[in-house]
Amino acid sequence: MRFWPFGAGVTAGNELSPTEAGGPRDLTVFVGASVAAQVTQMACSVVILRWLPPAQIGIWLTLQVIEAYALWIRLGVLNAMNREYPFLLGRGRGDEALAHLQAAGAFMGGCAVTVTAGFGAAVWVYAERGPDWQWALAAYSLHAGGGIWRGFLEGTYRGGQNFRKLALVHVIGVVLQIGSLPLVAGFGFRGFCGRALGLAVAMTALGHALRPVRAAWRWNRPILAGLVLDGLPLFAANYLGQISAQLPRVFLLAAGGTAFLGLYAPAAAVLALGALLPSALLTYLLPARNHAYGRDGDPLGLATGAWRQAIWMTTLLVPLAALGAWVLPTVVRDWFPEYSAGAHVLGWAAAASAFSPIRLVTSVCSTLKAWRPMLFHAVLGLLLAWLGPWIWLQFTDEDPLLAVVQGSLAAAVAHALAAWPCVRWAVGHVAK
């Protein structure tokens, strides 16, 4: 059983450290490739709005809500693996780290098959809703199942600091994203679904073929039990965060169905774009943080560095959000007239996106295993994500889309402010 970072074999127990793996140079390569991949994906999603009406886009957005609820099946195993694997490497316990990876792989493979089967079975269950739903469900079965397996694979790349190979996967994904756009232009919604299915298969196969861990996935009940035990708090916090992010869509579905939800697509793209750079940076930093904490055991230094990173990222995003608030409504009205009824909320969505770097700070709780402050912040986020839109809807119910987006902005501000006492609580808990 061997690891293969950067094309060279490294035996278990002798993995590269973050510094040896390339340091700042790998950070630049990976973050650049990751941002390029996500920007391309978002740009393609926006271009697609010219070819598909809101009602059809609303179907896909609805399935994304269902997927967020279905991800409970992972039970936190992936979250725990992403923490434990680099942490154990930092401790110099490479064989134990590999055993955790193998056990997690066996479990996540089962989750991927189950989710694929569930969405696939829904093709027949919801046949009466028409061919658009059938095409969407068939494509989403592999999209969602492949996403679970790719999430596990990315953990193996990141945990072993193999960011150059992961960057290669992202670059190939950019080519496939752009090259597959003619399917949507030529075949409409069926082409859109076929494109999503094809990308899911291609990217999952590519990530698996280039995977850095060439070892059999083994069902190991004691290790899995430990991963579930450690992962449940991480899972709960992440799951609550995913549900919180989907609540605006739930409110809009209740207000006007899938066609009305489709008008939210440009705002959703703005929010995703704002989260892009912090997410890419955290993908790189979190394994290195876990590795460093396993080596040094310095909770205060960890939190201080995280705050610096978040403040720097927010400083960068605020002027970009202001520019987007000024330019994007005109772009949508001129280039995507079917979605112009939702253009007036884009400035508020851009403002909300500037608060996404808070994840760089709150992720410290997972490294420190400070479960109580982490779960408190997650539960508070869910409450605020529901309460903000609900309160705004009581006062501006004549424009539900605007009320939901403004309420979500208020929730994001309050949640970001709550991060300060929660992180202090986490550091103090570990110091004791």
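Residues numbered from 1 in each chain as written. Predicted model: local features only at pLDDT ≥ 70, side-chain atom pairs only at ≥ 80, totals over all residues. Heavy atoms only, no water.

### Let's talk about the overall build of the chain
Convention followed: Labels follow the DSSP assignment, with helices taken as runs of H or I lasting at least four residues and strands as runs of E lasting at least two, numbered in each case from the N terminus. For the radius of gyration, the atoms used are the C-alpha atoms, and the globule rule reads 2.2 Å times the number of residues raised to 0.38. Summary of the burial criterion: residues with accessible area below 20% of their type's maximum are buried, those above 50% are exposed, and those between are partly exposed, where the area comes from a 1.4 Å probe applied to protein chains only. Here, two residues are considered to be in contact whenever any of their heavy atoms come within 4.5 Å of each other.
Scanning the chain from terminus to terminus reveals 15 helices and three strands. Relative to its length of 432 residues, the chain is compact, with a C-alpha radius of gyration of 21 Å against a globular reference of 22 Å. A principal-axis box enclosing the C-alpha atoms of the chain has dimensions of 60 × 45 × 40 Å. Counting across all 432 residues of the chain, residues that qualify as buried make up 53%. Residue pairs at least 24 apart in sequence account for 84% of intrachain contacts in the chain once pairs closer than 6 positions are excluded.

### Digging into helix 8 (residues 221-262)
Turn by turn, an α-helix covers 3.6 residues, leaving residues three or four places apart pointing in a common direction. Here is the rule we go by: Each helix should span, by expectation, one fewer than its residue count multiplied by 1.5 Å. The quantity called bend is, for any residue, the angle between two axes fitted respectively to the seven residues ending at it and the seven beginning at it. Two N or O atoms count as a polar contact when they lie within 3.5 Å, although within protein this holds only if one can serve as hydrogen donor and the other as acceptor, and sequence-adjacent residues are included solely when both atoms are side-chain atoms.
Along its 42 residues, helix 8 runs just 44 Å from first to last C-alpha, ending more than 12% under the 62 Å computed at 1.5 Å per residue. Residue Gly256 marks the point of greatest curvature in helix 8, where the axis turns by about 125°. One side-chain oxygen at the N-terminal end of helix 8 lies 3.2 Å from the backbone nitrogen of Ile223; it belongs to Asn220.

### Section: the environment of Asn162
Note that Asn162 resides in the loop between helix 5 (131-159) and helix 6 (163-179). For Asn162, a relative accessible area of 1% translates into the label buried. Taking C-alpha positions, Asn162 is 7.4 Å from Pro212, a pair spaced 50 residues apart along the chain.

### A few points about the pattern of salt bridges
Heads up, the condition is: Counted as salt bridges are all cases of a side-chain nitrogen of Lys or Arg within 4 Å of a carboxyl oxygen of Asp or Glu.
This model, assessed by the stated rule, comprises two salt bridges. Across the salt bridge formed by Glu84 and Lys369, the nearest N and O atoms sit 3.1 Å from each other. Highlighted residues: Glu84 in helix 3 (residues 77-90) and Lys369 in the loop between helix 13 (364-368) and helix 14 (371-395), separated in sequence by 285 residues. The structure contains a network of salt bridges with shared partners spanning Glu84, Asp230 and Lys369.

### Quick notes on the state of the cysteines
Heads up, the condition is: Pairs of cysteine sulfur atoms within 2.5 Å are what we label disulfides.
According to the stated counting rule, one finds zero disulfides in the structure shown. Left without a disulfide partner, Cys422 is nearest to the cysteine sulfur of Cys365, which lies 6.9 Å away. Judged by relative accessible area, Cys422 falls into the buried class, the value being 3%.

### Observations concerning the confidence of the model for the chain
Applied cut-off: Per residue, pLDDT captures the predictor's confidence, and it can take any value from 0 to 100.
Overall, the predicted model of the chain reaches an average pLDDT of 83, with 92% of residues at or above 70. Mean pLDDT across the elements of the chain bottoms out in strand 1 (residues 2-3) (28) and peaks in helix 7 (residues 181-209) (93).

### Re the side chain of Gln246
Within the secondary structure layout, Gln246 lies in helix 8. When neighbours within four sequence positions are excluded, Gln246 is seen to be in contact with Gln64, Val65 and Ala68.

### Details of the environment of Leu263
Position of Leu263 relative to the elements: it lies in the loop between helix 8 and helix 9 (265-296). The exposure class assigned to Leu263 is buried, which follows from its relative accessible area of 14%. Residues Leu263 and Leu252, spaced 11 residues apart in sequence, show a C-alpha to C-alpha distance of 9.4 Å. Ignoring any residue separated from it by four or fewer positions in sequence, one finds Leu263 in contact with Pro54, Glu338, Tyr339, Ala341, Gly342 and Leu401.

### Thoughts on helix 6
Here helix 6 spans 24 Å end to end across 17 residues, near enough to the 24 Å set by a 1.5 Å rise per residue. Restricting attention to buried positions, one finds in helix 6 the residues Phe163, Lys165, Leu166, Ala167, Val169, His170, Gly173, Val174 and Gln177.

### Side note on unusual backbone geometry
Here the phi dihedral of Leu75 falls at roughly 55°; this positive angle occurs in a residue that is not glycine. Its location among the elements puts Leu75 in the loop between helix 2 (54-70) and helix 3. Residue Lys369 is not a glycine yet carries a positive backbone phi of 55°. Under the relative-accessibility criterion, Lys369 is labelled partly exposed at 27%.

### What to know about the side chain of Thr367
As for its position among the elements, Thr367 is in helix 13. For Thr367, a relative accessible area of 1% puts it in the buried group. Thr367 has contacts with Arg83, Leu286, Arg289, Asn290, Tyr293 and Leu302, leaving out every residue within four places of it along the chain.

### Observations concerning the nonpolar core
Defined as follows: Take the buried Ala, Val, Leu, Ile, Met, Phe, Trp, Tyr and Cys residues and link them wherever side-chain atoms come within 4.5 Å; each set so joined is a nonpolar core.
Counting residues in hydrophobic clusters, the biggest one holds 121 residues, and the most contacted among them are Ile57, Phe152, Phe192, Tyr264 and Leu368. Residue contributions to this core peak at 13 residues, all from helix 4 (residues 94-125). The residues contacting Phe152, other than those within four sequence positions of it, are Leu78, Met81, Leu101, Ala104, Gly105, Met108 and Trp217.

### Observations regarding the packing of aromatic side chains
Keep this limit in mind: In summary, the pairing rule links any two rings of Phe, Tyr or Trp, Trp by its six-membered ring, whose centres are within 6.5 Å, and it sorts them by plane angle into stacked for under 30 degrees, edge-to-face for over 60 and tilted for everything else.
Applying the stated rule across the entire model yields 10 aromatic pairs. Ring geometry for Phe107 versus Trp219: centroids 6.4 Å apart, planes at 35°, classification tilted. Highlighted residues: Phe107 in helix 4 and Trp219 in the loop between strand 3 (213-214) and helix 8, separated in sequence by 112 residues. Here Trp219 falls in the exposed class, since its relative accessible area comes to 56%. Judged by centre distance (5.5 Å) and plane angle (15°), the rings of Trp386 and Trp390 are stacked. Taken together, the residues Trp386 and Trp390, both in helix 14 and four residues apart, mark about one turn of the helix. Residue Trp386 is classed as partly exposed on the basis of its relative accessible area, which comes to 37%. Of the residues examined, Trp390 reaches a relative accessible area of 37% and is grouped as partly exposed. By the ring-pair criterion, three or more aromatic residues cluster together here, those being Trp60, Phe119, Tyr140, Phe189 and Phe192.

### Some words on a nonpolar patch on the surface
To keep things clear, this is the line we draw: The patch calculation keeps residues exceeding 30% relative accessible area without a salt bridge and links them within 9 Å when they carry like charges or within 5 Å when they are nonpolar (Val, Leu, Ile, Met, Phe, Trp, Tyr). In this description, accessible areas are obtained by the Shrake-Rupley approach with a 1.4 Å probe, and a residue is regarded as covered only by the protein chains that are shown.
Together, Leu383, Trp386, Trp390, Ile391, Trp392 and Phe395 make up an exposed nonpolar region whose accessible area comes to about 610 Å². Tracing the sequence through the fold places Trp392 in helix 14.

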